[in-house]
Amino acid sequence: MRVVVVGAGYAGTIAANRLAKKLDDAQIIVVNPRAEFVERVRLHQQIAGSGSATTPLADMLCEGIDVHVGSVDKIGDGEVSLDDGTSLGFDHLIVAVGSTVTPLPGAVAVGTFEGAQLARARLLDLPADAVVTVIGGGPTGIETATEIAEARPDLQIRIVAATLAATLSPGAQRRVRADLEQMNIQVVEDVVREIRTAGTSFGGAVVLQSGVEVPSDLVLWAIVASVPELAARSGLQVDTHGRAVVDEHLRSVTDPRIFVVGDCAAVPGARFACATATPQGAHAAKTLIRMTKGRSIKGFSMGYAGQALSLGRRKGLLQACRRDDTPRRIFISGRIGAMSKESINRYAKYGSRTANYAWLPGPR
Ligand SMILES: Cc1cc2nc3c(=O)[nH]c(=O)nc-3n(C[C@H](O)[C@H](O)[C@H](O)COP(=O)(O)OP(=O)(O)OC[C@H]3O[C@@H](n4cnc5c(N)ncnc54)[C@H](O)[C@@H]3O)c2cc1C
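None of the values given here were measured: they were computed from a predicted structure.

### Thoughts on the overall build of the protein
Each helix and strand in the protein was counted, giving 8 helices and 23 strands. Relative to the globule expectation of 21 Å for 364 residues, the C-alpha radius of gyration of the protein, 21 Å, shows essentially globular dimensions. Viewed in the frame of its principal axes, the protein has a C-alpha envelope of about 60 × 45 × 35 Å. Per-residue burial over the protein gives 53% buried out of 364 residues. Split by element, the accessible area of the protein, about 15,700 Å² in all, is 51% carbon and sulfur. Between the mean site of the 40 positive side-chain charges and the mean site of the 36 negative ones, the protein shows a separation of 9 Å.

Structure below.
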């Protein structure tokens, strides 16, 4: 049996490792555009220069797994075609291509490895007092703005967003606002209409819905809201966001040989998160292993416990959540918040590398 895993992020890596550990006779092939595992949860550190987000894939994958560096262009009937013109047959496929970022022209994408590299290079070129505008008030935007503010206190940092920290409890939102103020990060609550680039490729004026123009030397787009078009392009049933529609076992409703996991899968109630992707990858592998051995299979079930964000290296916030991902009143901030976030990042990577990962069952 041959299993092809498309995408070596959190979901794809844990799936490949679990399969390799349990299926001695199967050939496991991982296809990924680079020979590195990218900890996307550290991309803001990559940008600010306070940490690296990459690890050689060879250090993340079990022995015996074949790696094909490249991208899958299309999924066909029992075969994938790759961007180098080759193709790979499969008995089973695990699609774990994550999410992507579609910035407005004039902005640099924060949520992808290539975007982070570009943003890092631009940041290094900025003189003191230059203005960096981060667009997006969710965890990615807040983490990016605070990481840069801590690494480059000589810059002027601003967040532009329709809402700020909307997934947190009111108390936690107040805490985040107070920390942003302490770090001299200005918050502008408005919607971006366009970015008027003034001859520079990634700076210019950010034009808001209200008509206000915000001059910026660098504009960073920290809204991660889209998924690669691979599933849609390959004729798999997708939802309005392009995420592949799956059954309770995380199999594509179009082709049961294909599992879809992580950000690119349309699982009800699932948020874009490694906290979501890692359990889904693990579960898909477990299901395939049990099917191969003729055992019964169970539907996927997962509940959330919390949401963590860093506010630079020294501060952070851990928001406790109910299993349906709604915030509780309880949160931890400050140094302990930072340490909690760091532990969560490390556990996610450990889980993908060792295929050893535990999660809560879903809400009753
Ligand atoms: C700055 C930042 C901070 C974050 N912080 C947190 C956090 O604190 N907690 C949390 O839970 N989540 C966080 N996230 C979200 C989290 O990183 C993602 O939800 C998670 O990475 C999704 O995992 P995945 O396995 O689905 O996809 P990914 O990790 O994105 O991996 C997908 C892989 O597929 C590859 N790929 C894409 N297309 C193809 C193709 N056609 N062929 C082959 N390979 C392909 C990609 O290159 C990539 O290697 C953060 C994200 C960002 C950007």
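### Topic: the pairing of strand β21 (residues 306-310)
With 4 of its 5 residues buried, β21 lies for the most part within the structure. Sheet analysis places β21 next to strand β22 (residues 316-321), joined by 5 bridges and oriented antiparallel. When the bridges of β22 are listed, L309 appears paired with L317. Linking two consecutive strands that pair antiparallel, namely β21 and β22, is a turn of 5 residues; a positive phi of about 85 degrees is found at G312 within it.

### Looking at the sheet that holds β21
Spatially, β21-β22-β23 is the arrangement adopted by the 3 strands of the open sheet, whose pairing is antiparallel. Only two strands of the sheet have a single partner each, and these edge strands are β21 and β23 (327-333). Averaged over all adjacent pairs, the angle separating strand axes in this sheet is 15 degrees, with direction ignored.

About the thresholds
Residues numbered from 1 in each chain as written. Predicted model: local features only at pLDDT ≥ 70, side-chain atom pairs only at ≥ 80, totals over all residues. Heavy atoms only, no water. Helix = DSSP H or I, 4+ residues; strand = E, 2+ residues; numbered from the N terminus. Rg over C-alpha atoms; globule rule 2.2 N^0.38 Å. Buried < 20%, exposed > 50% of the residue type's maximum accessible area, 1.4 Å probe, protein only. Areas by Shrake-Rupley, 256 points an atom, 1.4 Å probe, with all protein chains shown as cover. Lys, Arg positive; Asp, Glu negative; His and termini not counted. Charge placed at Lys NZ, Arg CZ, Asp CG, Glu CD. Pairing = 2+ DSSP bridges. Axes fitted to C-alpha atoms, helices over the stretch in contact; angles between N-to-C directions.

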